[in-house]
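# Coordinate analysis (summary)
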Amino acid sequence: MMSFDVVVIGGGHAGAEAARAAARLGCRTGLFTLKRELIAQMSCNPAIGGIAKGHLVREVDALGGLMGEAIDAVGIQFRLLNTSRGPAVWSPRAQADKKLYRRQVQAMLAAEPNLEIVEGEVAGLVMDGAAVAGIRMRDGSEVRAAAVVITSGTFLNGLIHVGDTTYPAGRSGEPAAQLLGESLKLLGLDCGRLKTGTPPRLDGRTIDWTQFEPQPGDAEPTPFSFLTARIEREQVLCYSTFTNERTHQVIRDNLHRSPLYSGQIAGVGPRYCPSVEDKVVKFPAKERHQIFLEPEGLDTHETYVNGLSTSMPADVQEAMIASIPGLEKAVMLRPGYAIEYDFVQPTELRPTLETKKIAGLFLGGQINGTSGYEEAACQGLMAGINAALRVQGRPGFVLSRTEAYIGTLVDDLIARGADEPYRMFTSRAEFRLHLRIDNADRRLTPLGRKLGLVGDERWQLWEAKQRRMETLEKLLATGTRPGDAAPAAQMLKRPEVTLANFEPWIAARLPELAAEQQAADPAGWERKTVETAIKFEGYLAQQRRHMDQLRAAEGKAIPDGFDFTLAGLSREIQEKLGRVRPATLGQAARIPGVTPAAVSLLLVHLELRKAKSKRVSI
Ligand code: FAD
């Protein structure tokens, strides 16, 4: 019988990270997926990153994950978003060549000596009492594993809708995972139903590109990975346009044929990424909605119509497209569709992403009610790390809200559950001034190194970078330019002064540092980090105080099996706490509906319990 330390089910964005992390931590890992050649397939938009999602990719990279390196290797257009706002919310985004992205990730996985990829459908889990002991394949064969990570995306009982046509599928052209979906329900995991959608794809040769506004990439592309000094590849153009009154009329005339409005779709869709029919119905006063035309790769004419996600019948989709100037003759290669799928309520999970009910079973990615490649990747990484740590008998690895967007995402999921597909926003991170893209490595790479995920090359680069930044920080804190009344760091706090003003002085004082920085960091990110820390020092200190308060609450652990039916708590709050079973007082406070008074009462009981156990041990 085949046997692994860790089995990962699913070769999507979560599965790829989970499998590589577990293998890199020294576990014999099996990645089981439906189709080998579709590992790391982008089911929807051909892009990685975007606002807040770019933060997640940076953090995955800083910990030693693969997504940042993969997109840097094959991205075809890079843009840094939100640059008109403060550095806390800058976020990188890149168009990907879909095929090359898959190949890149597949090559990275193939290079892992501890990782074996197996093609096949997993039908269920093999149990040993309340712990997972392996997986069962569709043909009945069994594979043993000490820990299992499920990252099955939209495949669990997936059902595709195009107009009134519905059929079971995991995504376009691939079968649904019905057996696995049913087996998870039988194990008593609380499952729900969600929905997402994708737009039609067009043949670029039939588009009149002269009718659209070109969207170039940045002149100096911002890489995702801290290992990439510069991206030299030539970049492609994207294009933008708008829907119009005719498009909206086509939609209104055919609403009765929309599975969203006929009641055919029961799952809840993403509020922030609605279908075009939803946009037209919900914002009737809006005369137009923006659309981006994005290439799916360098050697394909397939074009993604970002903003036109729809599950209307194919003939209606064709009429919608033809109503847009420049697309009158566009040939639709594939219609858009909606997909409904089962997910597991993430309140079933511990902070390590292990299920509370089944020891050794971890879940990551869209199965946990999230949406998006980046959200999937970071959970896959955390689930893979924790599965490996469990097998090795090491303590779990949890990031808090004060340390990372990843920590914020996991905490949101496990404390609140998902009543719609969850995606990351910068507004979800209350400590976003600290959790920036430029300092993700400063925050997280030492943790990745301690785990064993960060190799020597990345670590040496990191150490050299920290040395350079510390040298610069010291000079700015203590050195004063001729003619200035105060040290450079003081001068920099003035709004009109920037680090660029100090360049000649820095170059004269530290010529070696200037040359080294120019070679290692041509875009000047190291200097931006140093400058931001100085300019925002007051706000950062204020936020640090809030972070300390949160850490104190997080430090109050709630023991496993704690009885939440406390006198003084309403039945509703007792039920909420009993369902989520928060691991800390801080987490309890973030459960919607749990009041500050309830948290105080919980604290009193925890303290009493502690005092009692101390007396007993005396
Ligand atoms: P996936 O990338 O879906 O990978 C799942 C993997 O599991 C696949 O490799 C599959 O083969 C494997 N698998 C499943 N079941 C089994 C089994 N029983 N045995 C073996 N292998 C199995 N995200 C956005 O951010 N915005 C969007 O607008 C958006 N629209 C989407 C539209 C559609 C139609 C779809 C399908 C997805 C959309 N997404 C969107 C979501 C995005 O694609 C996912 O969030 C992301 O890919 C999830 O990653 P994952 O690793 O969890 O799962």
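Just above, that's the structure.
Description of the structure in this document. No experiment lies behind these values; they were computed from the predicted model shown. (Residues numbered from 1 in each chain as written. Predicted model: local features only at pLDDT ≥ 70, side-chain atom pairs only at ≥ 80, totals over all residues. Heavy atoms only, no water.)

### Some thoughts on the nonpolar core
Tyr101, Ile135, Val148 and Ile150 are the most contacted members of the largest nonpolar core, which has 97 residues in total. A per-element tally of this core places helix 9 (residues 373-391) first, with 10 residues. Discounting chain neighbours no more than four positions away, the residues touching Val148 are Val7, Ile9, Leu125, Val132, Gly134, Ile135, Gly360, Leu361 and Phe362. Counting residues in hydrophobic clusters, the runner-up holds 21 residues, among them Phe212, Leu255, Val280 and Met312. (Core = buried A, V, L, I, M, F, W, Y, C linked by side-chain atoms within 4.5 Å. Buried < 20%, exposed > 50% of the residue type's maximum accessible area, 1.4 Å probe, protein only. Helix = DSSP H or I, 4+ residues; strand = E, 2+ residues; numbered from the N terminus. Contact = heavy atoms within 4.5 Å.)

### Side note on the packing of helix 1 (residues 13-24) against helix 4 (residues 98-110)
For any two helices packed against each other, the geometry comes down to the angle between their axes and how far apart the axes lie. As a packed pair, helix 1 and helix 4 sit with axes 10 Å apart at the nearest point and diverge in direction by 20 degrees. Between helix 1 and helix 4, the angle falls in the class roughly parallel. As for how helix 1 packs across helix 4, the hand of that crossing is left-handed. Mapping the contact onto sequence places His13, Ala16 and Arg20 in helix 1 and Tyr101, Val105, Met108 and Leu109 in helix 4. Looking at the contact of helix 1 with helix 4 residue by residue, the classes come out as 5 nonpolar, 1 polar and 1 charged. (Axes fitted to C-alpha atoms, helices over the stretch in contact; angles between N-to-C directions. Parallel < 35°, antiparallel > 145°, perpendicular 65-115°, else oblique. Left-handed = near helix turned anticlockwise from the far one by under 90°. Nonpolar A, V, L, I, M, F, W, Y, C, P; charged D, E, K, R; others polar.)

### Details of the packing of aromatic side chains
Any aromatic ring pair is given by two values, namely how distant the centres are and how the planes are angled relative to each other. Per the counting criterion, the structure on display carries 9 aromatic pairs. Between Trp209 and Phe212, the aromatic rings sit 6.3 Å apart at their centres with planes inclined by 70 degrees, giving edge-to-face as the arrangement. We classify Trp209 as partly exposed; its relative accessible area is 28%. Members of the aromatic cluster, each reached through a chain of ring pairs, are Trp209, Phe212 and Tyr239. The ring of Trp525 has Arg58 lying over it, and the distance from NZ or CZ to the ring centre is 5.6 Å. A cation over a ring is seen here: Arg428 above Tyr422, with NZ or CZ 4.0 Å from the ring centre. (Phe/Tyr/Trp six-rings, centres within 6.5 Å; stacked < 30°, edge-to-face > 60°. Lys NZ or Arg CZ within 6 Å of the ring centre and 35° of its normal.)

### Some details on the site of the ligand
The local shell around the ligand holds 35 residues, among which His13, Ala14, Val122, Gln366 and Gly372 are the closest. In this structure, an oxygen atom belonging to the ligand sits 3.3 Å away from a side-chain N or O atom of Lys53. Look at the ligand: alone it shows 990 Å² of surface, and the protein chains cover 97% of it. Among the secondary structure elements, those contributing two or more residues to the shell around the ligand are helix 1, strand 2 (29-33), strand 12 (191-198), strand 19 (337-344) and helix 9. Tallied by class, residues from the shell around the ligand come to 14 nonpolar, 18 polar and 3 charged. (Near = heavy atom within 4 Å. Polar contact = N/O pair within 3.5 Å; in protein donor to acceptor, adjacent residues only side chain to side chain. Areas by Shrake-Rupley, 256 points an atom, 1.4 Å probe, with all protein chains shown as cover.)

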